[in-house]
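Next come the chains, spelled out residue by residue.
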Amino acid sequence: MSSRPLSLQSLPPISPTTTPPRSQTTLKPTLPAHNSTAGTPLYISCATNGSRSRSRNRSPDDYRSTLQALNSKGRVPRKSLGQHYMLNSDINEQLASAAHVEEGDVVLEIGPGTGSLTNVLLNAGAFVLAIEKDPYMASLVSERFASTERFKVLKEDFVKCHIHSHMTLLLGSKKSLDDPMSRYAKVVSNIPFNISTEVVKLLLPMGDIFSEVVLLLQEETAVRLVQSSLRTSEYRPINIFVNFYSDPEYKFKVPRTNFFPQPNVDAAVVVFKLKQAADYPRVSSTKSFFSMVNSAFNGKRKMLRKSLQHICTSIEIEEALGSVGLPATSRPEELTMDDFVKLHNLIVKI
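Computed from a prediction, not measured in an experiment: that's the story for all the values here.

What counts as what
Residues numbered from 1 in each chain as written. Predicted model: local features only at pLDDT ≥ 70, side-chain atom pairs only at ≥ 80, totals over all residues. Heavy atoms only, no water. Pairing = 2+ DSSP bridges. Helix = DSSP H or I, 4+ residues; strand = E, 2+ residues; numbered from the N terminus. Axes fitted to C-alpha atoms, helices over the stretch in contact; angles between N-to-C directions. Contact = heavy atoms within 4.5 Å. Buried < 20%, exposed > 50% of the residue type's maximum accessible area, 1.4 Å probe, protein only. 1 Å grid on protein atoms, 1.4 Å probe; cavity = no way out; pocket = protein on both sides within 12 Å on 5 of 7 lines; lining within 4 Å. Points joined across faces, edges and corners; volume = space filled by probe spheres on them. Nonpolar A, V, L, I, M, F, W, Y, C, P; charged D, E, K, R; others polar. Arc of directions from axis to C-beta. Core = buried A, V, L, I, M, F, W, Y, C linked by side-chain atoms within 4.5 Å. Left-handed = near helix turned anticlockwise from the far one by under 90°. Right-handed = clockwise from strand over helix to strand, strands pointing away.

Colleague: Residues and numbers for the sheet that holds strand β11 (residues 267–274), please.
Modeller: Strand order in the open sheet made by the seven strands is β6-β5-β4-β7-β8-β11-β9, with mixed pairing throughout. Each edge of the open sheet is held by one strand with a lone partner, namely β6 (151–154) and β9 (246–254). The mean inter-strand angle of the sheet, taken between neighbouring strand axes irrespective of direction, is 20°. As paired strands, strand β4 (residues 106–110) and strand β5 (residues 127–131) are joined by five bridges and run parallel to one another. Bridge pairing in β5 links Glu 109 to Ala 130. Where helix α3 (residues 89–98) meets the sheet, it contacts β7 (185–190), β8 (210–218), β9 and β11, and its direction lies at approximately 150° from that of β8.

And the structure:
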């Protein structure tokens with residue numbers, strides 16, 4: 001099935017107080033959507049609610065222009081890629097502000113989409129390296145920012161690419177002898193919710209490359225990573241991991257109405273200030289440390305003297321727990337990161 005490209009210029013402008021006629025509120029993709037039913041055209045509807053159509057200061061990355069960009073490539077958001085596009089440039093400005101992005105900074109952006117956040121980062125004077133898995137969106141942002149030398153997009157899956165190598169080469173070419181902080185880049189991204197944990201696990205140990213990581217995450221994930229308390233079911237190995245490599249801070253909530261398509265959950269911005277290796281908790285081996293932590297949590301509600309028996313005997317574990325001031329019946333959800341570090345250094349023999 002073929003479809004004729006739609007010219008948005010033929011649509012009348014939306015005034016601050018006028019809602020467009022219903023007959024003009026659907027935009028047809030220039031190509032059949034990847035998930036449309038054969039023989040059935042799929043339409044993307046423009047907003048007709050007051051908050052969007054009556055915006056006084058329409059940004060270049062609002063609802064209408066997002067649809068225009070998607071239609072230019074015959075695309076619709078792909079659920080399998082977790083694509084939810086930001087419609088509020090104020091949120092993008094706050095993301096950049098949370099990372100203190102300024103002229104000369106090198107910024108990594110994961111999943112630039114239509115380039116709404118990219119545009120804000122470039123306007124702040126940053127050099128942006130974007131990683132985009134969707135080849136159509138990579139092409140879109142490449143064309144949009146073709147006139148600047150401060151933007152590069154790689155068509156790769158972030159969780160599989162060699163980001164450390166990419167950033168090392170890039171920082172080497174941008175390094176300033178006068179500014180020691182030029183050794184470090186920043187991450188500012190509105191990432192797909194379905195890869196949040198993978199992204200966090202990949203980025204946080206890279207304190208030698210990044211000074212801070214600012215991510216727009218599903219709100220539940222943001223709260224769990226930053227605010228989970230001891231003796232709760234939300235307290236998991238990922239909390240130990242996050243605090244081992246960074247100082248996290250929950251910044252602000254982003255209502256779901258700011259995205260297209262609208263997700264079923266709200267989002268939130270988290271800033272991770274990355275630690276340098278010299279500031280990590282002192283353990284003989286990070287690999288063995290996190291292996292121990294994961295083992296401790298594998299047995300739900302199990303006492304550590306049971307779940308860690310593959311490392312040493314129950315009696316040795318009880319003695320080690322006593323040495324750090326913890327009862328012999330301790331469970332993993334009752335230990336802080338510092339407790340785990342002390343326990344590891346007592347029972348793990350490298």
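Colleague: Outline the pairing of β7, supporting the account with residue identities and numerical values.
Modeller: Along a regular strand, successive side chains alternate from one face of the sheet to the other. Most of β7 sits out of view: six of its six residues are buried. The alternating pattern of β7 places Ala 185, Val 187 and Ser 189 and Lys 186, Val 188 and Asn 190 on opposite faces, both of which are buried. In this structure, β4 lies alongside β7, joined through two bridges in parallel fashion. Within β7, the position partnered with Leu 108 by the bridge is Val 187. In this structure, β7 lies alongside β8, joined through six bridges in parallel fashion. The residue bridging Asn 190 from the neighbouring strand is Leu 216, located in β8.

Colleague: Kindly report on the layout of surface pockets, identifying the contributing residues and their values.
Modeller: Counted as a void, the largest pocket has a volume near 460 Å³. Taken together, 31 residues line the largest pocket, and the ones lying closest to its centre are Leu 81, Gln 83, Gly 111, Glu 132 and Pro 192. Of all the elements in the fold, those that place two or more residues in the lining of the largest pocket are β3 (85–86), β4 and α4 (116–123). Looking at the lining of the largest pocket, its residues break down into 15 nonpolar, ten polar and six charged.

Colleague: Lay out helix α8 (residues 219–227) with the relevant residues and their values.
Modeller: Within an α-helix, residues lying three or four positions from one another point in the same direction, as the helix has 3.6 residues per turn. Looking only at α8, the buried set comprises Thr 221, Ala 222 and Leu 225. Take α8 and look down its axis: the buried residues cluster within an arc of 100°, on one side only. In this structure, the buried residues of α8 make contact with α7 (196–203), β8, α9 (237–245), β9 and β11.

Colleague: Now, about unusual backbone geometry: what can you tell me, with residues and values included?
Modeller: Here Phe 260 and Pro 261 are connected by a cis peptide whose omega angle stands at -10°. Mapping Pro 261 onto the fold places it in the loop between β10 (259–260) and β11. Within the chain, His 100 stands out as a residue other than glycine whose phi angle is a positive 55°.

Colleague: Before we move on, can you summarise the nonpolar core with the specific residues and values?
Modeller: Counting 63 residues, the largest nonpolar core has Leu 108, Met 167, Leu 203, Phe 210 and Phe 272 as its most contacted members. Sequence-distant contacts of Leu 203, defined by excluding residues within four places in its chain, comprise Leu 108, Ile 110, Phe 158, Val 187, Phe 210, Val 213 and Leu 274. Counting residues in hydrophobic clusters, the runner-up holds 38 residues, among them Ala 69, Leu 70, Val 101 and Leu 216.

Colleague: Report on the packing of α7 against α9, specifying residues and quantitative values.
Modeller: Geometry of a packed helix pair, given as the angle between the helix axes and the separation of the axes. Between α7 and α9, whose axes approach to 10 Å, the crossing angle comes to 35°. You can see that α7 and α9 cross each other, and the crossing is left-handed. Mapping the contact onto sequence places Thr 197, Val 200 and Lys 201 in α7 and Ile 238, Phe 241 and Val 242 in α9. Across the contact of α7 with α9, the residue classes break down as four nonpolar, one polar and one charged.

Colleague: An account of the pairing of β6 is needed here, citing residue identities and associated values.
Modeller: Relative to β6, β5 is paired through four bridges, and the arrangement is parallel. Note on β6: the bridge partner recorded for Ile 131 is Leu 154. Of the crossover connections in this fold, the one passing from β5 over helix α5 (residues 135–144) to the parallel β6 is right-handed.

Colleague: Account for the environment of Val 270, naming residues and giving values.
Modeller: Note on placement: Val 270 falls in strand β11. A residue is classified by how much of its surface remains accessible, and Val 270, at 0% relative accessible area, is buried. Sequence separation between Val 270 and Val 223 is 47 residues, and the spatial gap between their C-alpha atoms is 8.9 Å. Among residues more than four places away in sequence, those in contact with Val 270 are Val 213, Val 214, Leu 215, Leu 217, Ala 222, Val 226 and Glu 249.

That's the geometry; what it means functionally is another story.
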